[in-house]
Amino acid sequence: MSAATTTPDIDPVVAQAQEYAQKLLLLSEGSVNRHFDPFEDIDWDNPDFDAETKPERWILPRSADPLGRHPWYLALTDEQKIAVGKYRQANVARVGLQFEAILISGMMQHVFGLPNGSPEFRYCSHEMIEEHNHTLMFQEMVNRIGLDVPGMGPLVRQFRQIVVPVAVLFPNLFFMAVLAGEEPIDHIQKDILRSGEEVHPIMRGVMAIHVAEEARHISFAHEFLKQHVPEANAANRFVLSIAMPIVMWILGRSIATPPRAFFDEFDIPDSVRKELFYGSKEAKQVFSDYFADVRSLAKEIGLMNPISKRVWKLLGINGHSTRYRSEPLRVVGKVA
């Protein structure tokens with residue numbers, strides 16, 4: 001005679017924690033099974049990778065870079081276009097290096113206080129290893145190009161002074177800031193790789209590795225916020241809902257906009273600078289599109305309320321949200 005077996009109900013909080021732990025385990029295993037070493041997986045010493053070999057490949061792609069299709073840039077000689085392109089790409093790499101260094105310093109403090117058995121410890125440790133490799137990769141690219149680029153502007157560099165206390169005291173805010181830096185870089189690099197235009201193999205190799213591993217890093221930040229923001233009280237969630245678009249705007253601008261030194265180096269008029277990164281309808285749309293996935297996340301975790309929607313709109317970064325992460329723009333169109 002067989003007795004019917006019953007499965008006891010699992011507490012929803014416990015079930016959610018178990019699901020979160022399983023997702024982090026999958027991400028950790030992904031880091032083990034599919035990771036890169038920039039000094040093994042990029043053929044730096046291949047003659048074709050020399051920065052001066054076929055230098056026309058440094059000309060900025062029209063379809064993926066607003067500067068590359070701007071009349072001011074198109075009017076330059078090929079030699080001038082190459083010089084501008086090399087500086088811009090080297091500086092983007094330097095900015096990426098600096099952002100990764102800031103991220104690592106904050107994440108290290110985050111894992112310092114995690115309890116034994118926390119699934120976040122292993123994944124975050126994997127991610128920091130990958131980010132360290134990215135800093136090596138970005139710096140090697142800058143060194144090979146041979147330009148003394150500054151990366152972030154002097155004011156933006158000061159963010160490194162506050163990242164540790166933010167990571168310790170306000171982890172939800174810290175991982176919002178992580179997304180604010182990662183999402184624009186990811187979008188820019190994907191656009192270049194998808195453009196089909198010829199770019200220098202140094203840049204293509206670096207971007208291919210970065211995009212592949214950043215997919216995990218961005219996924220973790222999304223999952224972290226999905227898990228921990230709902231745990232906060234109502235007042236805390238309201239503050240986070242207002243902070244989220246502000247953080248996206250401040251750090252997103254810092255990542256996506258070249259420093260003043262770039263414009264001074266090539267005597268680029270202020271009118272061009274404003275049109276490219278602030279003033280034109282196209283520039284505003286491009287910047288807003290960087291955060292389509294983040295807007296979707298904000299809705300999912302309850303941070304898109306009537307007041308926060310106004311902040312997103314006031315900052316010019318409102319718009320459509322995606323049905324799934326990295327959904328191509330051509331199939332979306334629903335306005336938030």
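For the structure itself, look to the data block above.
Residues numbered from 1 in each chain as written. Predicted model: local features only at pLDDT ≥ 70, side-chain atom pairs only at ≥ 80, totals over all residues. Heavy atoms only, no water.

### Comments concerning the overall build of the protein
Line of reasoning, step 1. Along the protein, the regular secondary structure elements total 14 helices and zero strands.
Line of reasoning, step 2. Reading the protein from its N terminus to its C terminus gives the helix and strand order α-α-α-α-α-α-α-α-α-α-α-α-α-α.
Line of reasoning, step 3. With respect to the principal axes defined by its C-alpha atoms, the protein has extents near 85 × 45 × 40 Å.
Line of reasoning, step 4. Buried positions account for 50% of the 336 residues belonging to the protein.
Line of reasoning, step 5. Sequence separation of at least 24 residues holds for 78% of the intrachain contacts in the protein that already meet a minimum separation of 6.
Line of reasoning, step 6. For the protein, the exposed area adds up to about 16,800 Å²; of that, 57% sits on carbon and sulfur atoms.
Line of reasoning, step 7. Each charge sign in the protein was given a centre, from 35 positive and 43 negative side chains, and these centres are 9 Å apart. (Helix = DSSP H or I, 4+ residues; strand = E, 2+ residues; numbered from the N terminus. Buried < 20%, exposed > 50% of the residue type's maximum accessible area, 1.4 Å probe, protein only. Contact = heavy atoms within 4.5 Å. Areas by Shrake-Rupley, 256 points an atom, 1.4 Å probe, with all protein chains shown as cover. Lys, Arg positive; Asp, Glu negative; His and termini not counted. Charge placed at Lys NZ, Arg CZ, Asp CG, Glu CD.)

### A look at the packing of helix H9 (residues 234-256) against helix H14 (residues 306-314)
Line of reasoning, step 1. Look at H9 against H14: their axes get within 9 Å of each other, and the N-to-C directions meet at 10°. When the axes of H9 and H14 are compared, the pair comes out roughly parallel. Contacts between H9 and H14 involve Phe238, Ser241, Ile242, Met244, Pro245, Ile246 and Met248 from the former and Ile307, Ser308, Val311 and Trp312 from the latter.
Line of reasoning, step 2. Residue composition of the contact of H9 with H14, by class: nine nonpolar, two polar and no charged. (Axes fitted to C-alpha atoms, helices over the stretch in contact; angles between N-to-C directions. Parallel < 35°, antiparallel > 145°, perpendicular 65-115°, else oblique. Nonpolar A, V, L, I, M, F, W, Y, C, P; charged D, E, K, R; others polar.)

### Some thoughts on unusual backbone geometry
Line of reasoning, step 1. In the Ramachandran plot, Lys54 falls in the positive-phi region, its phi being about 45° despite a non-glycine side chain.
Line of reasoning, step 2. Mapped onto the elements, Lys54 comes out in the loop between helix H2 (38-41) and helix H3 (71-74).
Line of reasoning, step 3. The exposure class of Lys54 is partly exposed, given its relative accessible area of 38%.
Line of reasoning, step 4. Even without being glycine, Asp267 reaches a positive phi, approximately 50°.
Line of reasoning, step 5. Counting through the fold element by element, Asp267 comes out in the loop between helix H10 (260-265) and helix H11 (270-279).

### Quick look at the nonpolar core
Line of reasoning, step 1. Counting residues in each nonpolar core, the largest one holds 51 residues, and the members touching the most others are Phe220, Leu225, Met244, Met248 and Trp312.
Line of reasoning, step 2. At the level of elements, helix H1 (12-33), helix H4 (78-112), helix H5 (119-145), helix H6 (163-169), helix H7 (171-194), helix H8 (201-228), H9 and helix H13 (292-300) are the ones that each hand at least two residues to this core.
Line of reasoning, step 3. In terms of residue count, the dominant contributor to this core is H7 (eight residues).
Line of reasoning, step 4. Beyond its immediate sequence surroundings of up to four residues, Met244 is in contact with Met176, Val294, Leu297, Ala298, Leu303 and Trp312.
Line of reasoning, step 5. Trp72, Met137, Phe138 and Met203 belong to the second largest nonpolar core, which has 37 residues in total. (Core = buried A, V, L, I, M, F, W, Y, C linked by side-chain atoms within 4.5 Å.)

### Comments concerning H1
Line of reasoning, step 1. The end-to-end C-alpha distance of H1 is 31 Å, a good match for the 32 Å that 22 residues give at a rise of 1.5 Å each.
Line of reasoning, step 2. Listed as buried for H1 are Tyr20, Leu24, Leu27, Ser28, Gly30 and Ser31. End-on view of H1: buried residues confined to an arc of 155°, all on one side of the axis. Facing away from the buried side of H1 by more than 90 degrees, the exposed set consists of Leu26 and Asn33.
Line of reasoning, step 3. The inward-facing, buried residues of H1 contact H5 and H8. (Expected span 1.5 Å × (residues − 1). Arc of directions from axis to C-beta.)

### What to know about the packing of aromatic side chains
Line of reasoning, step 1. In the structure shown here, the tally under the stated rule is 14 aromatic pairs.
Line of reasoning, step 2. Geometrically, the ring pair formed by Phe287 and Phe291 is edge-to-face, given 5.4 Å between the ring centres and 85° between the ring planes.
Line of reasoning, step 3. Overall, the relative accessible area of 3% leaves Phe287 in the buried class.
Line of reasoning, step 4. Taken together through their ring pairs, the aromatic side chains of Tyr87, Phe262, Phe263, Phe266 and Phe277 make up a single cluster.
Line of reasoning, step 5. The side chain of Arg253 reaches across the aromatic face of Phe287, ending 3.9 Å from its centre.
Line of reasoning, step 6. Between Arg273 and the ring centre of Phe263, over which it is positioned, the NZ or CZ distance is 5.4 Å. (Phe/Tyr/Trp six-rings, centres within 6.5 Å; stacked < 30°, edge-to-face > 60°. Lys NZ or Arg CZ within 6 Å of the ring centre and 35° of its normal.)

### Topic: the packing of H11 against helix H12 (residues 281-289)
Line of reasoning, step 1. Close contact between H11 and H12 brings their axes to 6 Å; oriented N to C, the two are set at 40°. In this view, H11 runs oblique relative to H12, as classed from their interaxial angle. Judged by residue contacts, Glu275, Leu276, Phe277, Tyr278 and Gly279 of H11 engage Lys281, Ala283 and Lys284 from H12.
Line of reasoning, step 2. Residue composition of the contact of H11 with H12, grouped by class: four nonpolar, one polar and three charged.

### Some thoughts on H12
Because the α-helix completes a turn every 3.6 residues, residues three or four places apart line up on one side.
Line of reasoning, step 1. The set of residues buried in H12 consists of Ala283, Phe287, Ser288 and Asp289.
Line of reasoning, step 2. Buried residues along H12 sit in contact with H7, H9, H11 and H13.

### Examining the environment of Leu114
Line of reasoning, step 1. Examined against the element boundaries, Leu114 turns out to sit in the loop between H4 and H5.
Line of reasoning, step 2. Its relative accessible area of 18% is what places Leu114 among the buried residues.

### A closer look at a nonpolar patch on the surface
Line of reasoning, step 1. A contiguous nonpolar patch, built from Val164, Val168, Leu169 and Phe170 and spanning about 370 Å² of accessible area, is present on the exposed surface.
Line of reasoning, step 2. Relative to the elements of secondary structure, Phe170 occurs in the loop between H6 and H7.
Line of reasoning, step 3. With relative accessibility at 48%, the residue Phe170 sits in the partly exposed group. (Patch = residues over 30% accessible without salt bridge, like charges linked within 9 Å, V, L, I, M, F, W, Y side chains within 5 Å. Salt bridge = Lys/Arg side-chain N within 4 Å of Asp/Glu carboxyl O.)

By themselves these figures say nothing about function.
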